[in-house]
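Structural features, examined
The lines below spell out each chain.
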Amino acid sequence: MANVDRIGRLAADYADVGDFLTVYIEEAHPADGWSFKDNYHIRSHRSAEERIGAASCLASRDRRITVVADAMTDEANRAYGALFERLYIIQNGTVVYQGQRGPHGFRVSEVEEWLRNYRAVVSQSTGAASDIPHTVNPC
């Protein structure tokens with residue numbers, strides 16, 4: 001959850017070129033498992049309700065980010081190799097950017113650079129970034 005503020009700023013700064021979605025997967029550092037000092041006190045999810053509650057906790061940190069919870073069978077996590085955290089850019093149903101696995105490969109700056117370059121290309125070709133068709137389909 002350390003990068004929530006940075007992702008929120010990206011969502012606000014680049015809302016004209018994309019939609020932003022966070023899929024909350026299984027808790028990487030549950031309080032009843034491998035946790036560390038000063039972390040959120042979130043236990044391993046035993047039900048969909050608990051996972052949705054944890055996702056709501058994340059969503060409450062920054063309202064600029066849409067947060068959904070992965071199913072308890074972890075379909076999104078497995079499909080995208082997201083454990084523990086990972087950034088993707090999906091354009092018209094195609095993955096155009098796949099970041100490395102976090103926490104060390106979680107590079108918000110790479111996503112920002114991609115978005116900045118995309119905005120520049122689209123602005124040059126259309127003259128207005130607000131006319132950009134975009135689709136984000138995480139599943």
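Computed from a prediction, not measured in an experiment: that's the story for all the values here. (Residues numbered from 1 in each chain as written. Predicted model: local features only at pLDDT ≥ 70, side-chain atom pairs only at ≥ 80, totals over all residues. Heavy atoms only, no water.)

Tracing the sequence through the fold places isoleucine 90 in strand S3 (residues 88-91). Sequence separation between isoleucine 90 and aspartate 19 is 71 residues, and the spatial gap between their C-alpha atoms is 9.7 Å. (Helix = DSSP H or I, 4+ residues; strand = E, 2+ residues; numbered from the N terminus.)

We now examine unusual backbone geometry. Residues other than glycine seldom take positive phi values, yet aspartate 74 does so here, at roughly 60°. With respect to the helices and strands, aspartate 74 occurs in the loop between strand S2 (66-69) and helix H3 (75-80). For aspartate 74, a relative accessible area of 16% corresponds to the buried category. Of note in the backbone geometry, asparagine 92 takes a positive phi value of approximately 50° without being a glycine. Locating asparagine 92 in the fold gives a position in the loop between S3 and strand S4 (94-98). Among the residues examined, asparagine 92 registers a relative accessible area of 52% and is labelled exposed. (Buried < 20%, exposed > 50% of the residue type's maximum accessible area, 1.4 Å probe, protein only.)

What follows covers the environment of alanine 55. The residue alanine 55 is located in helix H2 (residues 48-61) in this model. Sequence spacing of alanine 55 and valine 68 is 13 residues, and the spatial spacing of their C-alpha atoms is 6.6 Å. Ignoring any residue separated from it by four or fewer positions in sequence, one finds alanine 55 in contact with Tyr24, Val67, Val68 and Ala69. (Contact = heavy atoms within 4.5 Å.)

Here we take up H2. Think of an α-helix as turning once every 3.6 residues; residues three or four places apart then point the same way. Between its first and last C-alpha, H2 extends 20 Å over 14 residues, near the 20 Å set by a 1.5 Å rise per residue. All buried positions along H2 are accounted for by Arg51, Ala54, Ala55, Leu58 and Ala59. One side of H2 holds all its buried residues, which, seen down the axis, span an arc of 145°. Along its buried surface, H2 packs onto helix H1 (4-13), strand S1 (21-24) and S2. (Expected span 1.5 Å × (residues − 1). Arc of directions from axis to C-beta.)

Overall, the coordinates contain 2 aromatic pairs when judged by the stated rule. Here tyrosine 80 and tyrosine 88 contribute two aromatic rings whose centre-to-centre distance is 4.9 Å and whose plane-to-plane angle is 80°, an arrangement assigned as edge-to-face. With centroids separated by 5.2 Å and ring planes inclined at 15°, the aromatic side chains of tryptophan 114 and tyrosine 118 adopt a geometry described as stacked. With tryptophan 114 and tyrosine 118 both in helix H4 (residues 108-126) and 4 residues apart, this pair spans about one turn of that helix. (Phe/Tyr/Trp six-rings, centres within 6.5 Å; stacked < 30°, edge-to-face > 60°.)

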